[in-house]
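The chain contents come next:
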Amino acid sequence: MPVDVVVFDLDDTLYAEHDYVKSGFQAVSRWLEDTHGTPGFFDASWELFTSGRRGKVFDEALAALKCDASSERVGECVRVYREHDPAITLFEDAVWALDHVRGRWRTALLTDGWLGVQQRKVAALGLAPRLELRVYSDAFGREHWKPDALPYETVTRTLPVTPERCLYVADNPAKDFVTARKLGWRTARVARAGGEYNAPAKDASWDAERVVDDLRALEALPVRRRVAVVTRGGARSTRWRRT
């Protein structure tokens, strides 16, 4: 069945999430040195992150620097990290995909994560003019982050479009696809080298129907183009035509 709407995930789908992490650590490092005279945070935190540490990087980096690692200081670092304006860029194939789908399919974004953080990422990437709809799951509350159904249902209700005409392009089989598939969406997982979630799903029912390593694979999708229709009375409207 042809697709009418391509819905993109954000992190590690359209840009490299580790670039956001690096940008955030750099912002925290500058803040710590300027505000508290503490140098070296970036090197310490980046070494921990690239070695596979997750969850307690701020605590461990501060402790390694033998400086204040109290919960208050860690909280300040997290605030700076989340509120910084990120230095991130779109993947080359994401630029291609976003340019390619415009005029061929309708486009939307469905993303998890803290609302302000995700909004600043969208702004830094210049995504707003490229997308008809942006759905941030955190706008509904943390309990409605993926795989909750509400963000997906918001896409189909708002556009509006039937679920089987939606394709969700994302990267994380632990949360991105299971609900989309239950609702009847088409799904494609982009498994990038170096991505946080490029390993196969442990349960096949949670994975996407299709796995690709480059968004240029969207070229193979069946297309329904929006074409102008002139009625007998001269009025113009649009409809979809398969091509």
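None of the values given here were measured: they were computed from a predicted structure. (Residues numbered from 1 in each chain as written. Predicted model: local features only at pLDDT ≥ 70, side-chain atom pairs only at ≥ 80, totals over all residues. Heavy atoms only, no water.)

Novice: Hey, could you go over the overall build of the chain for me, with residue numbers and the actual values?
Specialist: Along its length, the chain carries 8 helices and 8 strands. Per-residue burial for the chain yields a buried fraction of 48% across its 243 residues. Sequence separation of 24 or more characterises 63% of the internal contacts of the chain that already satisfy a separation of 6 or more. Surface accessibility of the chain: about 12000 Å² in total, with carbon and sulfur atoms responsible for 49%. (Helix = DSSP H or I, 4+ residues; strand = E, 2+ residues; numbered from the N terminus. Buried < 20%, exposed > 50% of the residue type's maximum accessible area, 1.4 Å probe, protein only. Contact = heavy atoms within 4.5 Å. Areas by Shrake-Rupley, 256 points an atom, 1.4 Å probe, with all protein chains shown as cover.)

Novice: Lay out the environment of R79 with the relevant residues and their values.
Specialist: Position of R79 among the secondary structure elements: in helix α4 (residues 71-83). Each C-alpha atom, one on R79 and one on A174, is 27 Å from the other, the two residues being 95 residues apart in sequence.

Novice: Describe the packing of helix α1 (residues 17-36) against helix α2 (residues 41-50), with residues and values.
Specialist: Closest axis-to-axis distance for the α1/α2 pair is 8 Å, and the angle between their directions is 150°. One way to sum up the angle between α1 and α2 is to call them roughly antiparallel. For the crossing formed where α1 meets α2, the hand is right-handed. Along the contact surface, α1 presents H18, V21, K22, F25, Q26, V28, S29 and L32, while α2 presents F41, F42, S45, W46 and F49. Class assignment of the residues belonging to the contact of α1 with α2 gives a composition of 8 nonpolar, 4 polar and 1 charged. (Axes fitted to C-alpha atoms, helices over the stretch in contact; angles between N-to-C directions. Parallel < 35°, antiparallel > 145°, perpendicular 65-115°, else oblique. Left-handed = near helix turned anticlockwise from the far one by under 90°. Nonpolar A, V, L, I, M, F, W, Y, C, P; charged D, E, K, R; others polar.)

Novice: Go over unusual backbone geometry with me, naming the residues and quoting the values.
Specialist: The amide bond that connects K146 to the next residue, P147, takes the cis arrangement and shows omega of 15°. A cis amide bond links L159 to the next residue, P160, at an omega of -25°. With respect to the helices and strands, P160 occurs in the loop between α7 (150-158) and β4 (166-170). Residues other than glycine seldom take positive phi values, yet D12 does so here, at roughly 65°. Considering the arrangement of structural elements, one finds D12 in the loop between β1 (5-8) and α1. We note that K66 has phi near 55°; this positive angle belongs to a residue other than glycine. Residue position: K66 is located in the loop between α3 (57-64) and α4.

Novice: Could you give me a rundown of α4, with the residues and numbers involved?
Specialist: The terminal C-alpha atoms of α4, which comprises 13 residues, lie 18 Å apart, in line with the 18 Å expected from a rise of 1.5 Å per residue. When α4 is considered as a whole, its buried residues turn out to be R73, V74, C77, V80 and Y81. One face of α4 carries all of its buried residues, which in axial projection span an arc of 120°. Exposed residues pointing more than 90 degrees away from the buried face of α4 are listed as S71 and E72. (Expected span 1.5 Å × (residues − 1). Arc of directions from axis to C-beta.)

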